[in-house]
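Overview (structure and organization)
As a plain string of letters, each chain reads:
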Amino acid sequence: MTESWESFDSGSQSEQSFHLERTHIEPIYDSFLCPLTKQVMRDPVSIENGRTFEREAIEKWFRELRESGRRLVCPLTQKELKSADLNPSIALRNTIEEWMARNEAAQREVAHRCLSLDCSEHEILQALNYIQNICLQSRSNKHAIRNAELIPKVVDMLKSSSRRVRSTTLETLQIVAEEDEDNKEIIGEGDTVRTIVKFLNHEHSKEREEAVSVLYELSKSEALCEKIGMVSGAILILLGMSSSDLENVLAVERADKTLDNLGKCEKNVLQMAENGRLQPLLTLLLEGSPDTKLEMAAFLGNLVLSNDAKVFVARTVGSALVNVMRSGNIKLREAALKALNQISSSCEISARVLIEEAGILPPLVKDLFTVGSNQLPMRLKEISATVLSNIVNSGYDFDSVPLGPDHHETLVSESIIHSLLHLISNTGPAIECKLLQILVGLTGSPTTVLDVVAAVKSSGAIVSLIQFIEAIQPDLRFASIKLLQNLSPHMGPELADALCGTAGQLGSLIKIISEAGGIMEEQAAAVSMLADLPERDKGLTRQMLDEGAFEVIISSLARVRQGETKGSRFTTPYLEGLVRVLARLTFVLEDQPEVVSLVREHNIAALFADLLQVNGLDNVQMVAAMALENLSLESKHLTQTPEMPKPGSCFSIFCASKPKGITGLCRLHLGICSFRNTFCLLEGKAVGKLVTCLDHTNEKVVEAALAAICTLLDDEVDVEQGVMVLDEVDAIKLILDILVENRSEILRRRSVYAVERLLRTQDIAVEVSGHPNVNTALVDAFRHGDFRTRQIAERALKHVDKIPNFSGIFPK
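Here we summarise the structure given alongside this text. Bear in mind the structure is a predicted one, so any value in this text is a computation, not a measurement.

With respect to the overall build of the protein chain
- Along the protein chain, the regular secondary structure elements total 43 helices and 3 strands.
- Taking 812 residues into account, the globule formula puts the C-alpha radius of gyration at 28 Å, and the protein chain, at 47 Å, lies well above it.
- Reported as C-alpha extents along the three principal axes, the dimensions of the protein chain are approximately 165 × 70 × 55 Å.
- For the protein chain, the residues scored as buried account for 51% of the 812 residues in total.
- Restricting to contacts in the protein chain with at least 6 residues of sequence separation, those with at least 24 account for 66%.
- Surface accessibility of the protein chain: about 38,700 Å² in total, with carbon and sulfur atoms responsible for 49%.
- One way to put it: in the protein chain the 85 positive side-chain charges average out to a point 1 Å from where the 111 negative ones average out.

Overview of the sheet that holds strand β3 (residues 87–88)
- One open sheet accounts for 3 strands, arranged β2-β1-β3; its pairing is antiparallel. Two strands bound the open sheet, and with one partner strand each, they are β2 (52–54) and β3.
- Running over the sheet, helix α1 (residues 55–68) touches β1 (44–46), β2 and β3 and is turned about 95° from β2.

A short note on the state of the cysteines
- Under the definition given, this model contains 0 disulfides.
- With no disulfide partner, C34 has as its closest neighbouring cysteine sulfur the one in C74, 11 Å distant.
- A relative accessible area of 0% means that C34 is categorised as buried.

Examining the packing of helix α21 (residues 414–424) against helix α22 (residues 429–443)
- Running from amino to carboxyl end, α21 crosses α22 at an angle of 150°, the nearest separation of the two axes being 9 Å. Of the possible angle classes, the one that applies to α21 and α22 is roughly antiparallel. Read as a crossing pair, α21 and α22 show a hand that is left-handed. Facing I417, L420, L421, L423 and I424 of α21, the residues of α22 in contact are E432, L435, L436, I438, L439 and L442.
- Along the lines of polarity and charge, the residues of the contact of α21 with α22 split into 10 nonpolar, no polar and 1 charged.

Things to note about the packing of aromatic side chains
- In this structure the tally under the stated criterion is 3 aromatic pairs.
- With centroids separated by 5.3 Å and ring planes inclined at 75°, the aromatic side chains of Y29 and F32 adopt a geometry described as edge-to-face.
- Considering the side-chain rings of F32 and W99, the 5.5 Å spacing of their centres and the 65° angle between planes classify their relative orientation as edge-to-face. Taken as a pair, F32 in the segment before β1 and W99 in helix α2 (residues 90–114) lie far apart in primary sequence, 67 residues in all.

Quick look at helix α20 (residues 378–392)
- With 15 residues, α20 should cover 21 Å at 1.5 Å per step; its first-to-last C-alpha distance of 20 Å lies within 8% of that length.
- Here α20 lies mainly inside the structure; 12 of its 15 residues are buried.
- The set of residues buried in α20 consists of L380, K381, I383, S384, A385, T386, V387, L388, S389, N390, I391 and V392.
- For α20, the elements touching its buried residues are α17 (330–344), α18 (348–356), α19 (361–369) and α22.

Looking at the nonpolar core
- In terms of nonpolar packing, the biggest core is built from 199 residues, with L300, I360, I391, L411, L530, L582 and F608 touching the most fellow members.
- Counting residues per element, this core draws most heavily on helix α34 (residues 618–638), at 9 residues.

Digging into α21
- Of all the residues in α21, the buried ones are I416, I417, L420, L421, L423 and I424. Along α21, the residues classed as buried sweep out an arc of 160° about the axis, all on the same side.

Quick notes on the packing of helix α16 (residues 307–325) against α17
- The N-to-C vectors of α16 and α17 enclose an angle of 150°; their axes lie 10 Å apart at closest approach. Considering the angle they form, α16 stands roughly antiparallel to α17. At the point where α16 passes α17, the crossing takes the left-handed sense. For the pair formed by α16 and α17, the contact residues are K310, V313, A314, G318, L321, V322, V324 and M325 on the first element and L332, R333, A336, L337, A339, L340, Q342 and I343 on the second.
- The residue makeup of the contact of α16 with α17, split by class, is 12 nonpolar, 2 polar and 2 charged.

Some words on the environment of T443
- Assignment of secondary structure puts T443 in helix α22.
- In this structure the C-alpha to C-alpha distance between T443 and K310, which are 133 residues apart in sequence, comes to 25 Å.
- Contacts of T443, omitting those with residues within four sequence positions, involve V449, V452, L483, N486 and L487.
- At a separation of 3.1 Å, a polar atom in the side chain of T443 contacts the main-chain carbonyl oxygen of V440.

Some thoughts on the pattern of salt bridges
- All chains considered together, the criterion is met by 39 salt bridges.
- Here E217 and K220 are joined by a salt bridge, their closest N and O atoms 3.2 Å apart.
- When salt bridges that share partners are traced, they join D715, E756, R757, R760 and R795 into one network.

Some remarks on the environment of I738
- Among the secondary structure elements, I738 is positioned in helix α39 (residues 732–741).
- Residue I738 is classed as buried on the basis of its relative accessible area of 3%.
- Separated by 36 residues in sequence, I738 and V702 have C-alpha atoms that sit 8.9 Å apart.
- When residues no more than four places from it in sequence are discounted, the contact partners of I738 are L694, V702, L706, L747 and S751.

What about a negative patch on the surface?
- There is a patch of like negative charges on the surface, built from D727, D730, D763 and E767.
- For D730, the position within the fold is in the loop between α38 (719–728) and α39.

Definitions and cut-offs
Residues numbered from 1 in each chain as written. Predicted model: local features only at pLDDT ≥ 70, side-chain atom pairs only at ≥ 80, totals over all residues. Heavy atoms only, no water. Helix = DSSP H or I, 4+ residues; strand = E, 2+ residues; numbered from the N terminus. Rg over C-alpha atoms; globule rule 2.2 N^0.38 Å. Buried < 20%, exposed > 50% of the residue type's maximum accessible area, 1.4 Å probe, protein only. Contact = heavy atoms within 4.5 Å. Areas by Shrake-Rupley, 256 points an atom, 1.4 Å probe, with all protein chains shown as cover. Lys, Arg positive; Asp, Glu negative; His and termini not counted. Charge placed at Lys NZ, Arg CZ, Asp CG, Glu CD. Pairing = 2+ DSSP bridges. Axes fitted to C-alpha atoms, helices over the stretch in contact; angles between N-to-C directions. Disulfide = S-S within 2.5 Å. Parallel < 35°, antiparallel > 145°, perpendicular 65-115°, else oblique. Left-handed = near helix turned anticlockwise from the far one by under 90°. Nonpolar A, V, L, I, M, F, W, Y, C, P; charged D, E, K, R; others polar. Phe/Tyr/Trp six-rings, centres within 6.5 Å; stacked < 30°, edge-to-face > 60°. Expected span 1.5 Å × (residues − 1). Core = buried A, V, L, I, M, F, W, Y, C linked by side-chain atoms within 4.5 Å. Arc of directions from axis to C-beta. Polar contact = N/O pair within 3.5 Å; in protein donor to acceptor, adjacent residues only side chain to side chain. Salt bridge = Lys/Arg side-chain N within 4 Å of Asp/Glu carboxyl O. Patch = residues over 30% accessible without salt bridge, like charges linked within 9 Å, V, L, I, M, F, W, Y side chains within 5 Å.

Have a look at this one:
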């Protein structure tokens with residue numbers, strides 16, 4: 001193009017703008033220029049000698065003369081002036097304004113032609129800088145730009161392939177929009193806002209910064225706030241920028257301020273809340289109109305929040321939501337309850353905030369138990385129960401939180417628990433499930449479980465609680481099983497009686513335990529509950545035999561050990577429960593031929609021996625050792641003693657203890673033994689496995705293993721042979737070490753018993769007598785043990801001559 005233009009005030013151009021040629025559509029006259037500034041005058045005035053200057057320039061000249069104490073002179077002629085009076089040159093000013101208007105119109109026309117994608121980058125940038133410069137000079141120029149329809153032309157430059165043009169275009173739009181609502185409206189027409197938002201994702205940081213500056217200006221218009229928010233991803237991108245460490249400080253600040261402006265539109269507030277910026281929503285919930293509060297609370301109740309967000313919401317609006325629960329507006333109460341449900345779910349800290357700061361417990365309990373005309377609809381009672389379940393399962397100490405002004409009742413008071421149990425029996429499955437979950441939470445804490453147990457016992461509700469094991473609703477069934485699991489350590493006999501006295505529940509429990517597929521929490525809870533019931537309850541064991549429970553347990557145990565079941569975090573408690581339930585059989589062997597037959601049929605003794613070697617599962621090893629102790633104690637009753645030779649067939653009274661010609665007899669039981677049929681630890685090669693457990697770090701495992709080993713030293717077996725067996729597997733040193741270490745009272749009692757039996761063998765007694773630590777441990781047991789331990793320790797000390805044996809002095 002041959003035409004060009006100069007800026008309205010050429011001296012105000014920035015260093016970044018292009019140099020504009022000083023040619024004009026109409027030539028510039030020297031009389032238009034101020035002699036002092038060399039620029040076109042805007043407010044020409046004449047002084048005493050008729051010379052004309054820009055008012056601001058000549059006023060500055062006179063001021064400097066006065067301040068320096070010099071005489072008043074003309075800046076051009078340097079001749080003295082009598083007066084500093086200024087006379088407006090109205091005619092000249094009008095002439096200049098007309099000239100400028102003609103030139104500006106022409107320059108705008110040139111800019112209009114240059115703002116085309118067909119023009120060169122140089123020409124487009126000149127046009128954009130021209131528009132920037134004149135818009136920065138006055139608001140009226142912004143009106144002129146708008147009236148010249150230049151704004152749509154500027155917007156079109158966003159499509160340029162030149163990054164420099166695009167960046168300058170965004171900068172120009174920000175200047176054009178600043179403090180001009182009409183210009184913002186034009187920029188916001190069509191698809192421009194969406195295009196600007198796209199630049200927020202550009203890799204070039206300059207374009208992102210300019211784009212967010214434009215959006216910041218546009219967001220000052222409430223009419224455009226909703227439009228910006230409607231652009232897909234706009235709010236999310238701005239949220240990302242506002243919290244980014246990668247952006248410069250200005251971009252972060254502009255993004256944050258833009259979001260503040262967008263928060264004037266409620267639709268945007270909901271979008272922000274969905275993406276984690278909750279404060280605008282919470283502010284409206286606290287300060288909005290009743291309808292707005294209802295909308296915000298209802299929306300909050302459907303939000304998926306992180307735990308940090310739940311805590312923030314609880315601290316900000318928790319008290320307000322709890323206060324709404326006391327209002328008479330059902331819709332508002334429902335919205336508040338749903339919001340409280342959301343922020344209390346699976347977050348201990350937010351639950352504690354609601355308890356301690358918002359005082360949520362009293363109104364919740366009141367909502368649940370109020371009956372009559374003031375009671376809540378059942379759907380709201382269900383939400384109240386859900387919130388209370390969330391709160392209770394936070395692990396708080398609820399026996400210290402009063403529910404009323406008299407401070408007499410807490411959540412675990414007998415009357416409250418009775419009310420919960422009564423409500424469970426008189427509502428539908430959905431709320432029953434939540435109420436059971438409340439009791440699950442209360443029984444899951446050691447500080448409150450005994451209060452609940454006492455209330456359940458006094459109400460006689462255990463029979464009705466176990467009925468839910470057969471519920472067809474999975475959540476309801478699972479909640480009941482979890483509750484029964486928590487109660488079983490404290491109500492074993494009552495639970496066992498209830499299971500034996502009703503039809504179906506025990507079978508349903510076994511069915512749950514045996515379900516194929518992955519091991520779920522429900523299965524682990526069911527088998528743990530069953531394992532906690534009294535192991536010597538013959539009635540329950542008989543019922544389980546009749547139901548085929550032990551075959552199911554054995555099969556499930558085999559699947560777990562063989563890796564057929566899918567692993568999960570519940571595999572360990574499930575396996576432990578199976579082993580504990582199976583061990584019940586070993587507690588009722590006496591006079592129970594059917595049980596003995598079952599143990600033999602499935603070779604359960606060998607199974608428990610193998611379980612001794614399951615490393616990392618201390619409880620499994622402990623229970624396996626206890627079961628082997630029970631089985632070993634039964635061996636002496638099951639061993640088949642061969643018929644002794646007839647009188648006169650023995651060589652003499654000094655012949656060997658075993659008759660000639662009889663081989664394969666057990667050294668311990670002096671009969672025909674096997675691990676499968678008589679549960680003999682020696683025949684089953686289980687002694688070495690038990691001895692390995694004596695070196696375990698868990699004293700409970702050591703206690704159980706030592707108890708099983710002590711059955712080899714029982715009065716009804718050959719003790720001397722038992723000692724020899726232990727010596728052969730290097731058990732004696734470990735037993736002596738246990739005695740010396742004195743890790744627990746049970747271990748001391750059992751080790752003293754074992755050592756006393758060992759010391760009956762002369763060689764061992766001689767060896768131990770010189771062992772000062774063993775002697776000291778025996779003396780300590782003699783002095784400080786219980787009555788039985790002291791008796792045994794006394795006998796042991798006699799074996800090593802630490803206490804004299806007076807049996808020969810006094811008559812028997």
